[in-house]
Amino acid sequence: MRDDGTDRRELAPELAKRENSWTQFAGWSPDGRYAIIGSGWESPENAAWEEEHKNFRMTEGWLFDMYVFDMTTGERKNVTEIERVSAYNSGLIFIPGAPQRLGFTALIDGISHPFTMDLDGRNKRDLSQGTKGFAYGFSASPDGARVAYHQDYKIYVADADGENARVIETGNPFNFVPQWSPDGQWLMFVSGEHYNCHPYIARPDGSELRKLADRGG
């Protein structure tokens, strides 16, 4: 809708008509031409298992995909089902500085991997090089030349194709969710010990590490 609440428009309502499914709005392309929609489904059997065991079972009984919705034409495309790598795909983003590339996170055998792909969903590439560590918090630099993510509680910075991955050393056992500053000169992330993490910043090469604030205020 418009910022004054007018001109409301429902996007791709047909995606939520399948039984046991739902949708969620997940973001925009930088130019506002495309909306990003997440579409999920879970089998009743898996939902019952999760309820009984009080735990999520993400290796079966799920299907979660990311759609790119053209605001001009109304066309929608499921870009994660093309050359599919996982039944659970989330976190779709448009790579800054590379308008024809997308990023997303795929859950494979219970392990999360950051991927990039073309705008049409093809040429998917695992930026974590297929390692078994759980990678999450995928973020691209403003110029699209580098990516950052956390894997096994460590912050990594790599080239856009996943090569030359480097760890930002903090001395802390837990490090999460790196985000680039608008000028690409800093990364901000959460770092610390179990149940005691705080916001930090550092240069992409790991220098000038600084704690910004304390969770206690």
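None of these values were measured; they are calculated from a predicted model.

Regarding the sheet that holds strand β16 (residues 210-211)
The strand order across the open sheet formed by 4 strands is β13-β14-β15-β16, and the pairing between neighbours is antiparallel. A strand with exactly one partner marks an edge of an open sheet, and here the two such strands are β13 (174-180) and β16. Two elements, β13 and strand β14 (residues 187-193), share 5 bridges in a ladder whose sense is antiparallel. Directly across from F174, in β14, lies its bridge partner G192.

Digging into the sheet that holds strand β11 (residues 154-159)
Strand order in this open sheet of 4 strands is β9-β10-β11-β12, and the pairing throughout is antiparallel. Of all the strands in the sheet, the pair left with one neighbour each is β9 (135-140) and β12 (166-168). Strand-to-strand twist across the sheet, computed as the mean angle between neighbouring axes with direction ignored, equals 30°.

Quick word on the layout of surface pockets
In this structure, the largest pocket spans a volume of roughly 400 Å³. Lining the largest pocket are 15 residues, with M1, R9, L11, W28 and M71 positioned closest to its centre. Taken together, the residues of the lining of the largest pocket sort by class into 9 nonpolar, 2 polar and 4 charged. Around the second largest pocket sit S90, G91, I93, T105, Y136, G137, F138 and Q179, which together line it. Only β5 (88-94) and β9 provide two or more residues apiece to the lining of the second largest pocket. Among the residues making up the lining of the second largest pocket, the classes are represented as 3 nonpolar, 5 polar and no charged.

Digging into the nonpolar core
Counting 17 residues, the largest nonpolar core has V68, V79, L92, F94, L102, F104 and M117 as the members making the most contacts within it. If you list the elements that add at least two residues to this core, you get β2 (34-42), β3 (62-70), β5, β6 (101-108) and β7 (111-118). Apart from the residues lying within four places of it in its own chain, the contact partners of M117 are V79, T80, L92, Q100, R101, L102, F104, R122, N123 and K124.

Quick look at the packing of aromatic side chains
Counted under the stated rule, the structure contains 12 aromatic pairs. Each ring, one from F174 and one from F176, has its centre 6.2 Å from the other, and the planes form 10°; the classification is stacked. Using a relative accessible area of 24% as the deciding quantity, one classes F176 as partly exposed. Among the aromatic residues, ring-to-ring pairing joins W22, W62, F64 and Y88 into one connected group.

A short note on unusual backbone geometry
Trans peptide bonds make up most of the peptide bonds, and negative phi angles are found at most residues other than glycine. Here N20, not a glycine, exhibits a phi torsion of approximately 65°, which is positive. Relative to the helices and strands, N20 resides in the segment before β1 (21-28). Although it is not a glycine, Y153 adopts a positive phi angle of roughly 70°. Relative to the helices and strands, Y153 is located in the loop between β10 (146-151) and β11. Given the relative accessible area of 43%, Y153 is considered partly exposed.

Notes on the environment of R146
If you trace the backbone, R146 turns up in strand β10. Sequence spacing of R146 and V157 is 11 residues, and the spatial spacing of their C-alpha atoms is 6.9 Å. Leave out the neighbours within four places in its chain, and R146 touches S139, A140, S141, V157, A158, D159, A160, W180, G184 and P204. Only 3.4 Å separates the side chain of R146 from the backbone oxygen of G184, close enough to count as a polar contact.

Observations concerning the pairing of β1
Within a regular strand, the side chains alternate between the two sheet faces. Summarising the sheet, β1 and β2 pair through 7 bridges and their orientation is antiparallel. Paired with T23 across the two strands is S39, which belongs to β2. Count of turn residues in the β1/β2 antiparallel hairpin: 5 residues, of which G32 carries a positive phi of about 75°.

Focus on the environment of R101
Looking at the secondary structure, you find R101 in strand β6. Look at R101 and you get partly exposed, because its relative accessible area is 22%. Not counting residues within four places of it along the chain, the set of residues in contact with R101 comprises I93, F94, I95, T116, M117, D118, R122 and N123. A distance of 2.6 Å separates a polar atom in the side chain of R101 from a polar atom in the side chain of T116.

Rules of the game
- Here, residues in each chain are numbered from 1, in the same order as that chain's written sequence.
- pLDDT decides what is reported in this predicted model: residues at 70 or higher carry local features, side-chain atom pairs at 80 or more are listed and counted, and totals for whole chains, interfaces and linings draw on all residues regardless.
- By convention in this description, side-chain values take in all heavy atoms of the structure and omit both hydrogens and water.
- Think of it this way: DSSP has to see at least two bridges between two strands before they count as a pair.
- We count a stretch as a helix when DSSP gives it H or I for four or more residues in a row; a strand needs E for two or more, and each element gets its number in order from the N terminus.
- As a rule, the C-alpha atoms of each element are fitted with a line to give its axis, helices using only the stretch in contact, and angles between N-to-C directions run from 0 to 180 degrees.
- Cavities and pockets were defined on a 1 Å grid built from protein atoms only: a cavity is a group of points that admits a 1.4 Å probe but offers it no way out, a pocket is an open group of points flanked by protein on both sides within 12 Å along at least five of seven lines, and a lining residue is one with an atom within 4 Å of any such point.
- Grid points are joined across faces, edges and corners, and a volume is the space filled by probe spheres set on the points.
- By the convention adopted, Pro, Cys, Tyr, Trp, Phe, Met, Ile, Leu, Val and Ala count as nonpolar, Lys, Arg, Asp and Glu as charged, and the other residues, Gly among them, as polar.
- In this description, a nonpolar core means a group of buried Ala, Val, Leu, Ile, Met, Phe, Trp, Tyr and Cys residues linked to one another through side-chain atoms lying within 4.5 Å.
- Residue burial is assigned from relative accessible area. The probe radius is 1.4 Å, only protein chains are included, and a residue is buried under 20% of its type maximum, exposed over 50%, and partly exposed in between.
- Every residue pair with non-hydrogen atoms within 4.5 Å of one another is taken to be in contact.
- For this analysis, a ring pair means two rings from Phe, Tyr or Trp (six-membered ring only for Trp) whose centres lie within 6.5 Å, classed as stacked if their planes differ by under 30 degrees, edge-to-face if by over 60, and tilted for the remaining angles.
- What qualifies as a polar contact is a pair of N or O atoms within 3.5 Å, subject to a donor-acceptor requirement within protein and to the restriction that residues adjacent in sequence count only when both atoms come from side chains.

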